[in-house]
Every structure is written in structure tokens, then in C-alpha cells.
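Residue strings, one per chain:
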Amino acid sequence: MLPSSERLLEAIRITLDTLIVPDLSAPQPIFSGRIIGALAEHLALRSKHENKTLVDSNEDMQATINAVIGRLKSVQVNSIQPELLKLEQEQIQAPKRDIYCSYESLTDENNALRRISIELRKLVEKSKDTIGEKAYDETRKMLTGCSHRMLERDYVLIQTMEDFQKSLYSMN
Amino acid sequence: MKEKIEAYLQSKNPTAQVLKATVLAGGASGLTVLVDLKWVEKNKEEQLGMVFKIHQAAGTLSDASDQMAEFEILKALMDTDIKTPKVYWAENDKKWLGDQFYVMERLPGTTSSTAFRKDPELRKTLARQLVENMAKIHLVDIKKLAFLGIPTSSVDCAQREIAKWEELYRAHSVFPDPAFEEVVLWLKANKPTDVARISLLWGDPGPGNFMYEGNRLTGCIDWEMAHIGDPMDEIGMFLGKCETTETLMTTEEFYQYYEEYSGIKINQKSIDYYRALWNFRLAVITTIALNEFVSGNTSSVFSGYSGALFGTLEMRKAFSKIQILEEGKFYATV
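Now for a quick tour of the structure. (Residues numbered from 1 in each chain as written. Chains lettered and ligands numbered in written order. Predicted model: local features only at pLDDT ≥ 70, side-chain atom pairs only at ≥ 80, totals over all residues. Heavy atoms only, no water.)

### Considering the sheet that holds strand S4 (residues 87-91) of chain B
All names here are of chain B.
- Ordered in space as S1-S2-S3-S5-S4, the five strands form an open sheet in which the pairing is antiparallel. What marks the edges here is a single partner per strand, and that holds for strand S1 (17-23) and S4. Each strand of the sheet is rotated relative to its neighbour by a mean of 20°, with strand direction disregarded.
- Two elements, strand S2 (residues 30-41) and strand S3 (residues 44-55), share twelve bridges in a ladder whose sense is antiparallel. Bridge assignment links valine 40 to a residue of S3, and that residue is glutamate 45.
- Each of S3, S4 and strand S5 (101-105) is contacted by helix H2 (residues 67-77), which is oriented at about 155° to S4, the strand it contacts most. (Pairing = 2+ DSSP bridges. Helix = DSSP H or I, 4+ residues; strand = E, 2+ residues; numbered from the N terminus. Axes fitted to C-alpha atoms, helices over the stretch in contact; angles between N-to-C directions. Contact = heavy atoms within 4.5 Å.)

Shown next, in the form of C-alpha cells:
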């Protein structure tokens, strides 16, 4: 999850006005100017890919949550049923993206699904001994696998900044 | 800033005159100001360089670092032959510069990798000196550094660090992060149990945090994450840092020099663990930056940049390391 583009653009404007323009030759404005360059590349990537990334991650989380709940139900352990039911309800009531797939609605949906994933993971951990090793391993790996795929999707949006970061150390 | 620093210095020596004050870029825990000054000492005018490290409430690491502790560590190390800057004064009184700060000598040289990147011989010479200093740090008598908190057992070395950084994360988290929760669970379940020696750790070793002039290392700087713990933690940090900065030496060279200078045996399993812990720490630092940024406490583009970049990057690295350590069983790949 990344800070919003609006907030980053606002910071760029403030930095240009208060730090860079008043003194173009000092180390801090030069450094900030380079950071702004890297952020501009990042924002260009986000304008192209971010909504699609969020749609994919949200669908992935929905599917993973359903699969994990289904697997946990299949072990028929009574003690976890109330919590499973509660999480199912939360999933139903969670904010959904609007028909325009606006950034705000996608991030609201994303945050709600992240919260449910975390609660589900806590339940899996807490029930380790009662659900059995096989169900524990499978559900844990499903949730971790989903987190991994989300990290890989987000990585596409920050890759240019990683390259820039490596070059920062040789600039100083 | 120049006038305020001059007023402070004049409280120490009424003849002090600041010639130049330069704010350094990119500091994570506060402002670093390089100061050129002159004053009369024992009837003789002298010019010297000092560094002011000023805490800032809205700094990325401000909640994770204790500048007064950093000052005390550097003060304690002045009695050793470890290359560190000499410290002069620490001030808690905010009347001078608006926040607490300490003052140290300005070491000669640079932190830039430009020179040694082009010169393999220089790189090797500096690498050896760096490892020698790291080894000496790990052999320091920790009794006089008890204010940092001393782990009570081998497992407590990692436990204390996880607890400290997890608490910071919980206090600053701005969005729910399942990846972070997964890494915390794994770190807690796999703490190293075999710690050869409990040592002072520099806390942020490696390229960018040591100064050199010519072929001589002049000082180890940036002690804000120093703590007492497992030396393998430091080695994990060092190798982790070299991933994103500069490779000073091969891992094999590092291990050879380190064992030679410290007499402490390398524990690869622990190092692999601490490399993931290093990614976890960086992700927490990012969380603090992100919180400061999205809540409007700072409009620093560096905080925005850090917040956008490092959370995902460090968690991705931690996942990849843990997947290797767990022989492909950490996350499902389909």
C-alpha cells in the first residue's frame, strides 16, 4: 500500500517552493530534486498500472479468504465456527469498489480485505493444534502466498525507485 | 540556524564564530549540520569543524532513536581505539535549537563510494579496516553500556529487537499489512538460540556510514540504532545493507576478516535469520516515515519517497529470504 499520488504531488510542490527554488546550489535542495525525479517516474507508473494492481489484489484476497474459510470449515472444529462466521459476515459487509473502480473505492476495499486476511491468519495460528497440521499448513500457505503475490504486484510500481536508490549512494 | 548555533557555541567559548553551517541531506532521524568555526583557545585562534546532530520530532527515525544514548555510546567509545568521532556536548535544553542535540568533531574525509568503487585496492584496504572496527566494537566491554539494556539470554537478543520494532510498528501503522504480520510471526517462531557472545552493535554498519580519507578509515558514524545483541545481527545488517548500497567485499572475504579480527565464529544460520530481521526493521522505519507523511506532519519528499518505496521492497526481500530458509515452504507459489 502506497501513499496517495495527491499527497506525493503536494509534497513535491511544497519542496519545490520552500526548499529547491530558494537555494538551488545547496546539498539538501539538490538531493530533494533528485528524489522528486524518482517520484515523478514512480507516479507515472502508478497512473498507468495502480488501479489494475488494486483490482487484481482485491480479487486475489477475496478468493484466498473464501478458500481459507472453506478449508477451515471442512475440518469441522466447533470451537472456530463462531469466528469463521464472524469473518464471513465482515467479508460480506466490507466496502466494495464502485462501478468506476475509483482509486478511493479500491483502496477502501483493499484495506477491508487486508484486515480480514490478518484476522483469518490470527485464527489459523490460534487454532494450530485443533485444526491439525495439514489444514494449518495449507491455510497458512494460502494466506502467505496471497501476501507474496500482492508484494510482487506492488513491486512493479516501485521498481524504478529501487534502481534510483542504488544510485543514490554513488551520488553523495 | 547559523546564528542559533553560534549563540550556543559562544556559551561554551565567547570567542566562537561560525564561518559556515551546512544542513546535510537525507538524514532519517533529524538534522545533521556541518559547522565550520573559529575560536580562541589558550590565546591561540584555531579553526575547526563540528557536526551538530539535532533531533526532530518529525524525523523518520525520531521515535526509534535516542540521541542522548547515541552521545553516551560515542563518549564511552572515546576510551577505545575504535574509529569514532570525538563528542563534545549534549543538550536537552530546547531553548538553543528547538530540540535536543549533541555536538561532535567533524571527521576528515567522505562517505561517498565514488573513490573505492573505481579502485579495487582501496576497496580492499577500507573493507579490512571496516571489519576490524566492527570486530573491535563487538569486543567492547558492555558493562559500561548497561543503559542500552542487556539481553538476559541468547533468545532475548532477537526477542528484544522484535519487541522494540513491533511496538513501533503498532504505534505508527497506517494500513493493515498481512505481509508484515506474517514476517513478525516467523521471526518470533525462529529466534536464534545459539549466541556466542552478547556485544555492543553499531546498528547501521556499512557503506554510507563510515568516513574515509585517502586509504584510511577515519570513523564509524550514525549510531542511532546501536544496541546490545548478537554480533550475527550486525553481520546480517551489514550484508543486508550491501544489497542496496555498495558491495565492499565478498561475503567470504567479510567472514574471513571478521573471524580473524574478532575470534567470534560465524554462524550462518543466525546471519540468515538476522538478514530477514534487518528487512523487518527497515519496513518499520518506513512505516514511521509513511505515518508522518500521510498525517501531514511532514511534507518532506524524502519521507514520501521512503514511505512509497521501502515498505514493499523490504517485505518482499524478507519473504524471499524466509522462503529460502524454509526450503520453499513459507508461501504457496501457485
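### Describing the packing of helix H2 (residues 27-74) of chain A against helix H4 (residues 103-126) of chain A
Residue and element names in this part refer to chain A.
- For the pair H2 and H4, the least separation of the axes is 9 Å and the interaxial angle reads 30°. If you check the angle between H2 and H4, you find them roughly parallel. Judged by the twist between their axes, the crossing of H2 over H4 is left-handed.
- Its residues assigned to classes, the contact of H2 with H4 shows 14 nonpolar, seven polar and four charged. (Parallel < 35°, antiparallel > 145°, perpendicular 65-115°, else oblique. Left-handed = near helix turned anticlockwise from the far one by under 90°. Nonpolar A, V, L, I, M, F, W, Y, C, P; charged D, E, K, R; others polar.)

### A word on a negative patch on the surface
- Residues Glu6, Asp98, Glu104 and Asp108 of chain A make up a contiguous surface patch of negative charge.
- Tracing the backbone shows aspartate 108 of chain A in helix H4. (Patch = residues over 30% accessible without salt bridge, like charges linked within 9 Å, V, L, I, M, F, W, Y side chains within 5 Å. Areas by Shrake-Rupley, 256 points an atom, 1.4 Å probe, with all protein chains shown as cover. Salt bridge = Lys/Arg side-chain N within 4 Å of Asp/Glu carboxyl O. Lys, Arg positive; Asp, Glu negative; His and termini not counted. Charge placed at Lys NZ, Arg CZ, Asp CG, Glu CD.)

### Side note on the interface of chain B and chain A
- Facing the 48 residues of chain B at the interface are 47 residues of chain A.
- Of the roughly 4200 Å² buried between chain B and chain A on both sides combined, carbon and sulfur atoms contribute 68%.
- Three residues, Val301, Tyr305 and Arg316 of chain B, lead the burial of chain B against chain A; their summed loss comes to 17% of the area buried on that side.
- Inspection of the chain B/chain A interface yields three salt bridges.
- Here aspartate 177 of chain B and arginine 114 of chain A are joined by a salt bridge, their closest N and O atoms 3.9 Å apart.
- When contributions to the side of chain B that touches chain A are tallied by element, the ones reaching two or more residues are S1, helix H3 (114-117), helix H6 (178-189), helix H7 (231-244), helix H9 (268-294) and helix H10 (301-325) of chain B.
- In terms of residues, the side of chain B that touches chain A owes the most to one element, H10 of chain B, which gives 14 residues.
- Of the residues belonging to the side of chain B that touches chain A, the class tally is 25 nonpolar, 14 polar and nine charged. (Buried area = accessible area lost by both parts, 1.4 Å probe.)

### What about the packing of aromatic side chains?
- Counted by the stated rule, this structure contains 26 aromatic pairs over all chains.
- With centroids separated by 6.0 Å and ring planes inclined at 75°, the aromatic side chains of tyrosine 8 of chain B and tryptophan 89 of chain B adopt a geometry described as edge-to-face. Of the two residues, tyrosine 8 of chain B sits in helix H1 (residues 2-12) while tryptophan 89 of chain B sits in strand S4, which places them 81 residues apart along the sequence. Comparing tyrosine 8 of chain B with tryptophan 89 of chain B, the two get one shared label, buried.
- Seen in terms of ring centroids, phenylalanine 116 of chain B and phenylalanine 210 of chain B are 6.3 Å apart; in terms of plane orientation they differ by 20°. Their pairing is stacked. Of this pair, phenylalanine 116 of chain B sits in helix H3 while phenylalanine 210 of chain B sits in strand S7 (residues 210-213), and the two are 94 residues apart along the sequence. For the pair phenylalanine 116 of chain B and phenylalanine 210 of chain B, one class covers both residues: buried.
- An aromatic cluster is built from Tyr8, Trp39, Phe52, Tyr88, Trp89, Trp96 and Phe101 of chain B, whose rings are joined through pairwise contacts.
- One Lys or Arg, arginine 7 of chain A, reaches over the ring of phenylalanine 293 of chain B and ends 4.5 Å from the middle of that ring.
- When the ring centre of tyrosine 155 of chain A is taken as reference, the NZ or CZ atom of arginine 316 of chain B above it lies at 3.5 Å. (Phe/Tyr/Trp six-rings, centres within 6.5 Å; stacked < 30°, edge-to-face > 60°. Buried < 20%, exposed > 50% of the residue type's maximum accessible area, 1.4 Å probe, protein only. Lys NZ or Arg CZ within 6 Å of the ring centre and 35° of its normal.)

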